[in-house]
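# An overview of the molecular structure
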Amino acid sequence: MKVLVSGGAGYIGSHAVVQLLDQSYDVVVVDNLSKGFKSAIDHRAIFYECDIRDKMVMDEVFKKEKIDVVMQFAADIVVAESEKDPLKYYDNNVSGTISLLNVMIKNNVKKIIFSSTAAVYGNTEKIPVEETDLLAPISPYGTSKAFVEKILEDCRIAYGLNYCIFRYFNVSGAHELYPIGQNVKKNTALIPIILEVAAGERSFIEVYGNDYETIDGTGVRDFIHVVDLVDAHILGINQLNNNKSGIYNLGNGQGFSVNEMITAAQKVTRKPIPTKISMRRQGDIAISIASSEKAKKELNWKPQYTSVETIIETSWKYKIKMSN
């Protein structure tokens, strides 16, 4: 079976590529390298440097490679940036996926795994969040993903497309067998920023808001290891092969505050991590914790990295390896 991985040079996409290859899938990577790194793409995969919005080139890729299933990771993902430049997010995340879907339907490819986000829920009061809960995104980023989710359901009805939508919580960690990790051009994720402070690359970590109604006033998030996340995507292929569509949360079901994560990182790295309190950022929510019981039940998904200290440790080891 041949899998096209869009955004396969990025953080999550590069992990999907190696894990698919290790399970004997044929892999085709499409990435415009605007945020990803060519060096992160495993040599066993076929690579095309192109944008999913270029329908002519994408059509050539589909015709040449005879794609069976698509994993769509190509997207802009920074909440704060989406507030400042929403059109960029609607263009890349929504229009980009529509272009990809057009090419898929034209080439009779009707299986897609889509990278969504917990941001589609917005400021939910329910903890943990379940897949049937109301979608009320409060950022253009979250809205862009919610739009695509609706588009995929419309495509299921109209064209017989089958989808697996995965709503990610905070994806972290690094692969322990391959030299890939959260290597982005400008970190906005919590754990990499904390580790930059531990490594002396930043003088402090900025904590956005300490007046939330949480255990210590800082935001609470659910952290999931990237390898566990990708495992769920590969299990999702089985659902698609059985002509089933589904929506799944992916998290560990545990909430940790920003302060708790800083404390855990200090324990792992044995380094001081100074902090600076700043105002809340627009679009941020107080608490985000997943119920992932549906994925465990329907996909037989079993996350292995359930300790935040272990997740942080894989990121720290990767960072040290990359700096040597």
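These lines cover the structure that appears in this document, whether it is placed above or below. (Residues numbered from 1 in each chain as written. Predicted model: local features only at pLDDT ≥ 70, side-chain atom pairs only at ≥ 80, totals over all residues. Heavy atoms only, no water.)

### With respect to the sheet that holds strand E2 (residues 26–31)
Strands pair in a sheet through their backbones, by hydrogen bonds, and they do so in one of two ways: parallel or antiparallel. We count it as follows: Pairing between two strands requires that DSSP report at least two bridges joining them. Helix and strand definitions here come from DSSP, where helices need a minimum of 4 consecutive H or I residues and strands a minimum of 2 consecutive E residues; each element is numbered from the N-terminal end. Between N-to-C directions, angles cover 0 to 180 degrees, with each direction set by a line fitted to C-alpha atoms, over the stretch in contact for helices.
In spatial order, the strands read E3-E2-E1-E4-E5-E6-E11; together these seven strands make up an open sheet with parallel pairing. A single partner strand is all that each edge strand has here, and the edge strands are strand E3 (46–49) and strand E11 (246–250). Averaged over all pairs of adjacent strands, the angle between strand axes in this sheet comes to 20°, irrespective of strand direction. As judged from the five bridges shared by strand E1 (residues 2–6) and E2, these two strands associate in the parallel manner. Directly across from Val-5, in E2, lies its bridge partner Val-29.

### Quick notes on the pattern of salt bridges
Formally: By definition, a salt bridge exists where a carboxyl oxygen of Asp or Glu is found within 4 Å of a side-chain nitrogen of Lys or Arg.
With the rule as written, the count across this model stands at 20 salt bridges. For the salt bridge of Arg-44 with Asp-42, the shortest nitrogen-to-oxygen distance reads 2.8 Å. For Arg-167, the salt bridge goes to Glu-149, with nearest N and O atoms at 2.6 Å. Placement of the pair is Arg-167 in strand E6 (residues 162–168) and Glu-149 in helix H5 (residues 140–159), with a sequence separation of 18 residues. Linked through salt bridges whose partners overlap, the residues forming this network are Asp-22, Asp-42 and Arg-44.

### Re the layout of surface pockets
Put simply, the rule is: Residues are said to line a cavity or pocket when one of their atoms sits within 4 Å of a point; the points come from a 1 Å grid over protein atoms alone, cavities being sets where a 1.4 Å probe fits but cannot get out and pockets being open sets with protein on both sides within 12 Å along at least five of seven lines. Grid points are joined across faces, edges and corners, and a volume is the space filled by probe spheres set on the points.
Roughly 240 Å³ of internal volume is contained in the second largest pocket. Along its surface, the second largest pocket is lined by 13 residues, and Gln-182, Asn-183, Asn-187, Tyr-318 and Lys-319 are the ones closest to its centre. Mapped onto the lining of the second largest pocket, the elements with two or more residues apiece are helix H6 (190–198) and helix H10 (308–323). At five residues, the largest contribution of residues to the lining of the second largest pocket is made by H10.

### Observations concerning the packing of H6 against H10
The relative placement of two packed helices comes down to the angle between their axes together with the axis-to-axis distance. As a reminder of what qualifies: When describing relative orientation, an angle under 35 degrees is termed roughly parallel and one over 145 degrees roughly antiparallel, while 65 to 115 degrees is termed roughly perpendicular and anything else oblique. Here is the rule for handedness: rotate from the far helix to the near one, and if that takes an anticlockwise turn smaller than a right angle the crossing is left-handed, while a clockwise turn gives right-handed. Two residues form a contact once any of their heavy atoms are found within 4.5 Å.
Contact geometry of H6 with H10 gives a least axis separation of 10 Å together with a crossing angle of 55°. Our classification of the angle between H6 and H10 gives oblique. Crossing of H6 against H10: the hand is right-handed. Along the contact surface, H6 presents Ile-191, Leu-195, Glu-196 and Ala-198, while H10 presents Ile-311, Ile-312, Ser-315, Trp-316 and Lys-319.

### What about the nonpolar core?
We count it as follows: Remark: nonpolar core denotes a set of buried residues (Ala, Val, Leu, Ile, Met, Phe, Trp, Tyr, Cys) joined through side-chain atoms within 4.5 Å. Any residue under 20% of the maximum accessible area for its type is buried, any over 50% is exposed, and the rest in between are partly exposed; the area is computed with a 1.4 Å probe on protein chains only.
Core analysis: the largest hydrophobic core is formed by 58 residues, its most contacted members being Ile-12, Leu-20, Met-71, Phe-166 and Leu-250. Counting residues per element, this core draws most heavily on helix H7 (residues 226–241), which supplies eight residues. Ignoring any residue separated from it by four or fewer positions in sequence, one finds Phe-166 in contact with Ile-113, Phe-114, Ser-115, Ser-116, Thr-117, Ala-232, His-233, Gly-236, Tyr-248, Leu-250 and Leu-299. Counting 26 residues, the second-largest nonpolar core is a separate cluster that includes Val-61, Leu-101, Val-103 and Leu-152.

### What to know about the packing of helix H4 (residues 86–106) against H5
What counts, and what does not: Following the grouping adopted for this structure description, the nonpolar residues are Ala, Val, Leu, Ile, Met, Phe, Trp, Tyr, Cys and Pro, the charged ones are Asp, Glu, Lys and Arg, and the polar ones are all others, Gly among them.
Two elements in contact, H4 and H5, have axes whose closest approach is 9 Å; the angle formed by their N-to-C orientations is 20°. By the criterion of interaxial angle, the relationship of H4 to H5 is roughly parallel. Relative to H5, H4 is oriented so that their crossing is right-handed. On H5, the residues touching Pro-86, Tyr-89, Tyr-90, Asn-93, Val-94, Thr-97, Ile-98, Leu-101 and Ile-105 of H4 are Pro-140, Tyr-141, Thr-143, Ser-144, Lys-145, Phe-147, Val-148, Ile-151, Leu-152, Cys-155 and Tyr-159. Classifying every residue of the contact of H4 with H5 gives 15 nonpolar, four polar and one charged.

So yeah, pure geometry; function would need other evidence.
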